[in-house]
Amino acid sequence: MTDKIVVITGGSRGIGRATALAAAARGYRVVVGYASNRKAADEVVAAIMAGNGKAIAVKCDVGEESDIVDLFKQADQFGTLAALVNNGGIVGKSGVRVDEMSAERIQRVMAVNVTGSILCAREAVKRMSTRHGGKGGVIVNLSSVAAKLGAPNTYVDYAASKGAIDSFTIGLGYEVASEGIRVAGIRPGLIDTEIHASGGEPDRHHRLAHLVPMKRVGTADEIANAIVWLMSDDASYVTSAILDVSGGR
Ligand code: NAP
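If you're wondering where the values come from, they're calculated on a predicted model, not measured in any experiment.

Asks: Give me the lowdown on the pairing of strand β4 (residues 80–86), citing residues and values where you can.
Replies: The element β4 is largely enclosed, with a buried count of six among its seven residues. With five bridges joining them, strand β1 (residues 4–8) and β4 adopt parallel strand pairing. Directly across from Ile-8, in β4, lies its bridge partner Val-85. When β4 meets strand β5 (residues 137–142), the two strands line up parallel, connected through four bridges.

Asks: So what about unusual backbone geometry? Which residues, and what values?
Replies: Keep in mind that most residues, glycine aside, have a negative phi and that most peptide bonds are trans. With phi around 50°, Ala-151 is a residue other than glycine that occupies positive phi space. Backbone geometry places Lys-215, a non-glycine residue, at a positive phi of 60°. Take Lys-215: it is sitting in the loop between α8 (204–207) and α9 (220–231).

Asks: I'd like to hear about the site of the ligand, residue by residue, with values.
Replies: Surrounding the ligand, one finds 31 residues, the nearest of these being Ser-12, Ser-36, Asn-87, Tyr-158 and Thr-193. Here an oxygen atom of the ligand and a backbone polar atom of Ile-195 are 3.5 Å apart. Relative to its unbound accessible surface of 900 Å², the ligand loses 96% to contact with the protein. Taken atom by atom, the bulk of the ligand overlaps the largest pocket. Each residue belonging to the shell around the ligand can be placed in one class, and the counts come to 13 nonpolar, 13 polar and five charged.

Rules of the game
Residues numbered from 1 in each chain as written. Predicted model: local features only at pLDDT ≥ 70, side-chain atom pairs only at ≥ 80, totals over all residues. Heavy atoms only, no water. Buried < 20%, exposed > 50% of the residue type's maximum accessible area, 1.4 Å probe, protein only. Helix = DSSP H or I, 4+ residues; strand = E, 2+ residues; numbered from the N terminus. Pairing = 2+ DSSP bridges. Near = heavy atom within 4 Å. Polar contact = N/O pair within 3.5 Å; in protein donor to acceptor, adjacent residues only side chain to side chain. Areas by Shrake-Rupley, 256 points an atom, 1.4 Å probe, with all protein chains shown as cover. 1 Å grid on protein atoms, 1.4 Å probe; cavity = no way out; pocket = protein on both sides within 12 Å on 5 of 7 lines; lining within 4 Å. Sits in = over half its atoms within 2 Å of the grid points. Nonpolar A, V, L, I, M, F, W, Y, C, P; charged D, E, K, R; others polar.

If you want it as structure tokens, here you go:
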């Protein structure tokens, strides 16, 4: 156990939860961000502490700048920031065409998925960059294969938000490459989490599994394993890079 901490937005469920457990197993203290599901976040913290790890749960809706600033202030009390996983993300209702979308829906998706990730990275860079007296670190951004496929007739706004994340990963990576910070992205494919239910179609990933070259959906653990590899020194020469973890999709 070190005093190195990782901040994981949306660490309470799905891919974020799996990443929290995997990071704790590798010796990180984990700041488990959650939007509203305190019970789920507390369960992740309890599971980490049961394994002799250290973790705290912090409420943070990444659509709110004040929540983000508070998240990192609480993290400062807990250890030295070594990694940020920009995982918290949302979809709007599935099956809505662009010509049917409200401005409120689009703005919320962009605020959470794009602005929230950029603001979290801002706070992380201020702490980790050698330019600011930090010791370096890693930022992993959750994109999606939707960034390449566009998600027509499903949620093009979400796909566009992940396209923005890909550009952000590349640009920020270049910006801080000489300041001790690596920035990488993951594009998950169809992963077995509750995000599909939140879009109104709980079995969407199973319905589309036949389109995956490997003919199956992925697990949250399979994404978490890639995230913690990117966080590790084994990926020490990887930056401004985006990895598809999608069964070939
Ligand atoms: P999920 O099962 O729906 O879990 C979402 C997590 O994000 C929860 O911990 C949730 O917190 C949190 N969250 C929701 N709204 C938030 C907000 N406004 N601010 C901060 N946190 C928020 O999602 P997932 O499938 O694990 O997805 C995680 C990431 O992977 C997302 O960025 C998603 O776009 C990306 N991704 C997922 C898939 C997939 O097939 N599952 C594919 C490609 C990309 P609460 O528990 O408090 O609600």
